[in-house]
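Descriptive structure summary
What follows is the residue order along each chain.
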Amino acid sequence: IFLVFFIAFLPLFLQELTDHGTGSALIRLGKHFMSLSPIFEVFSTQIYSNSILNNLTFGGARYIATGRGFATTRLSFSILYSRFAGPSIYLGMRTILIILYITMSIWMPHLIYFWISVLSLCIAPFVFNPHQFAFADFIIDYREFLRWMSRGNARTHSNAWIGYCRLSRTAITGFKKKRLGFPSEKLSGDSPRAKFKNVIVAEIIAPICLAIIFTIAYMFVGAFPVNGKVPPSPLIRIGVVAIGPLVWNAAVLLVLFFVSVFLGPVLSGCCVKFPAVIASIAHILALVGMVAFFEFLWFLERWDASHAVLGIIAIIAIQRAVNKVFIALVLTREFKHDETNKAWWSGKWYGVGLGHHAMSQPAREFGVKILELSLWSGDFLLAHFLLFLLAIPLAIPFVDSAHSTMLFWLRPSKQIRPPLYTSKQRRQRRNIVIKYGFIFVIMFAIFAALVAIPAVFREVLDLNCPFCDLL
């Protein structure tokens, strides 16, 4: 299984062998493996390939003087996630689901190599983050992540999920040329819009083909008789569960739109947080809807986990194709400011400098918000999965010191000392750790219950539903 790893480091081993002898070569090779270099190699190769593909599709290749040093400062989870979700983490999680289905269907030991390689795409940015496994910093990271996911809807913020989401699609949509002098315009660059002929394959044809392939695979698996009964069309089932969350998001947004339009201007004087509350309600309902449709799919599959995983693969491919096609073919250029996002939640479309665009922007923003709620729910679930995975090493004593030794190859006595905090700062950090540590445990219990309860009580929960038998 690990033969490929050794082959990859064979040139280094031979070079060290000829220069310094067998002992030095074995020590050098051992250091590389103890530093998890194979994981980093898989991740860095994906970053290289993604950069080349993006430059071929969107252009914008340029030299960036990054230096030749290595990181010694800890970065927060939200920063790393926003930087590497598009190039590596999304692909890694989609591939993990495929490997999970293969593992549940036909297990073989050779899959361990693929598990290690694919997991590298998801966890490498965090594993090589200094002091990633310091308990207090980990919980404070979780607090920052929740704030990153929720802010930016009531007031402009330079580090928010909504800004990351808008920026990720501007390479395709581009920006409007009109400048209104808003401070938030400075947060957006001047990247040109990609030509349609460049994005038609990567952003339209390829996602549609993947959606068709995975849908056909799901239909093939679901076409076999169950207990002598021919099941209904799997295409109807996967269509309902894939499009259902988008329809649910549209209904939620439509109701909240009228609430914000009629109540927002009235309550804006006394209730400053009205837009943030409306945005929070919409995002929470979207998350509940996505989880509910997943559980519904699992129920339709008679709590068969492997079929449910294959259904999730097809659903992700379908929703991704809908997202890509909508952005490439329907969506118009973005404003450089974020006044339309704030106007949607506050209901104040006048007096924000939109001019005649105030008549067309609500309809455009409605379609954008449907996709944004779906993407937000997916990022929320994906990030929590990564956080739960990264929380496992926290149970190991002195894991932070061992992790720093692995990264820097310095004895604990030679490592960089942790920062010194005042008594007030220590008290604030302790309160944050207690509060958000409890929230983290509650979230883990909810996620575990959503998976464990149907798996354990599958016989009890196998209810008779005449309507569900038609799907």
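Located above this text is the structure these notes cover.
Right, let's walk through the structure included here. (Residues numbered from 1 in each chain as written. Predicted model: local features only at pLDDT ≥ 70, side-chain atom pairs only at ≥ 80, totals over all residues. Heavy atoms only, no water.)

1. Describing the overall build of the protein chain
Per the secondary structure count, the protein chain includes 16 helices and 0 strands. Residues classed as buried in the protein chain amount to 42% of the 471 residues present. Look at the contacts in the protein chain between residues 6 or more apart in sequence, and 80% of them connect residues 24 or more apart. On the protein chain, roughly 25,700 Å² of surface is accessible, and the fraction owed to carbon and sulfur atoms is 71%. (Helix = DSSP H or I, 4+ residues; strand = E, 2+ residues; numbered from the N terminus. Buried < 20%, exposed > 50% of the residue type's maximum accessible area, 1.4 Å probe, protein only. Contact = heavy atoms within 4.5 Å. Areas by Shrake-Rupley, 256 points an atom, 1.4 Å probe, with all protein chains shown as cover.)

2. As for helix α16 (residues 423–456)
Along an α-helix, residues three or four positions apart point the same way, because every turn accommodates 3.6 residues. In a regular helix each residue adds 1.5 Å, so 34 residues correspond to 50 Å; α16 covers 47 Å between its end C-alpha atoms and thus fits that length. Along α16, the helix axis deviates most sharply at Ala449, where the bend reaches about 30 degrees. Looking at the buried positions of α16, the neighbouring elements they touch are α7 (135–150), α11 (274–300) and α14 (357–391). (Expected span 1.5 Å × (residues − 1). Bend = angle between axes of the 7 residues up to and from the residue.)

3. Some words on a positive patch on the surface
Positive charge collects at one region of the surface, where Lys424, Arg426, Arg427 and Arg430 lie side by side. Within the secondary structure, Arg426 sits in helix α16. (Patch = residues over 30% accessible without salt bridge, like charges linked within 9 Å, V, L, I, M, F, W, Y side chains within 5 Å. Salt bridge = Lys/Arg side-chain N within 4 Å of Asp/Glu carboxyl O. Lys, Arg positive; Asp, Glu negative; His and termini not counted. Charge placed at Lys NZ, Arg CZ, Asp CG, Glu CD.)

4. Comments concerning the nonpolar core
Here is a general trend for soluble globular proteins: nonpolar side chains tend to be buried in one another's company. The biggest cluster of nonpolar side chains holds 46 residues, and the ones touching the most others in it are Phe77, Tyr81, Phe138, Phe145, Trp161 and Leu386. Counting only elements with at least two residues in this core, the list comes to α5 (77–105), α6 (111–127), α7, α8 (161–173), α11, α14, α15 (399–408) and α16. Counting residues per element, this core draws most heavily on α14, at 9 residues. Judged by nonpolar contacts, the second largest core, of 23 residues, contains Leu297, Ile313, Ala317 and Ile318. (Core = buried A, V, L, I, M, F, W, Y, C linked by side-chain atoms within 4.5 Å.)

5. As for empty space enclosed by the protein
Scanning the model with the defined rule gives 1 cavity of 30 Å³ or more in all. One number sums up the size of the largest cavity: a volume of about 50 Å³. Lining the largest cavity are Met149, Asn153, Trp161, Ile162, His283, Trp345, Lys369, Glu372 and Leu373. Counting only elements with at least two residues in the lining of the largest cavity, the list comes to α8 and α14. Top contributing element to the lining of the largest cavity by residue count: α14, with 3 residues. (1 Å grid on protein atoms, 1.4 Å probe; cavity = no way out; pocket = protein on both sides within 12 Å on 5 of 7 lines; lining within 4 Å. Points joined across faces, edges and corners; volume = space filled by probe spheres on them.)

6. Examining the pattern of salt bridges
Oppositely charged side chains may form a pair once their charged atoms are brought near each other. Counted by the stated rule, this structure contains 13 salt bridges. Notably, a salt bridge pairs Arg237 with Glu301, separated by 3.1 Å at the nearest N-O pair. Of this pair, Arg237 sits in helix α10 (residues 234–267) while Glu301 sits in the loop between α11 and α12 (305–330), and the two are 64 residues apart along the sequence. Accessibility expressed as a relative area gives 11% for Arg237, which makes it buried. With a shortest N-O distance of 3.9 Å, Arg364 and Glu365 are connected by a salt bridge.

7. A few points about the side chain of His283
Within the secondary structure, His283 sits in helix α11. Apart from residues no more than four positions distant in its own chain, His283 is found in contact with Asn153, Trp345, Leu373 and Trp376.

8. Things to note about the packing of aromatic side chains
Under the definition given, this model contains 22 aromatic pairs. A centroid spacing of 5.9 Å and a plane angle of 65 degrees characterise the contact between Phe299 and Trp303, whose relative ring orientation is edge-to-face. The buried category is assigned to Trp303, whose relative accessible area is 8%. In this structure an aromatic cluster arises from ring pairing among Phe77, Tyr81, Phe126, Phe145, Trp148 and Tyr164. (Phe/Tyr/Trp six-rings, centres within 6.5 Å; stacked < 30°, edge-to-face > 60°.)

9. Concerning the packing of α5 against α7
Packing of α5 against α7 leaves a shortest axis separation of 8 Å and a crossing angle of 55 degrees. With respect to their mutual orientation, α5 and α7 come out oblique. Taking contact as the criterion, the partners of Phe77, Ser78, Tyr81 and Ser82 in α5 are, on α7, Asp141, Glu144, Phe145 and Trp148. Broken down by class, the residue content of the contact of α5 with α7 amounts to 4 nonpolar, 2 polar and 2 charged. (Axes fitted to C-alpha atoms, helices over the stretch in contact; angles between N-to-C directions. Parallel < 35°, antiparallel > 145°, perpendicular 65-115°, else oblique. Nonpolar A, V, L, I, M, F, W, Y, C, P; charged D, E, K, R; others polar.)

10. Let's talk about the environment of Phe77
Topologically, Phe77 is positioned in helix α5. Spatially, the C-alpha atom of Phe77 lies 7.5 Å from that of Tyr142, the residues being 65 residues apart in sequence. If we skip the residues at most four places from it in the chain, Phe77 touches Phe126, Asp141, Phe145, Ala383, Leu386, Leu387 and Leu390.

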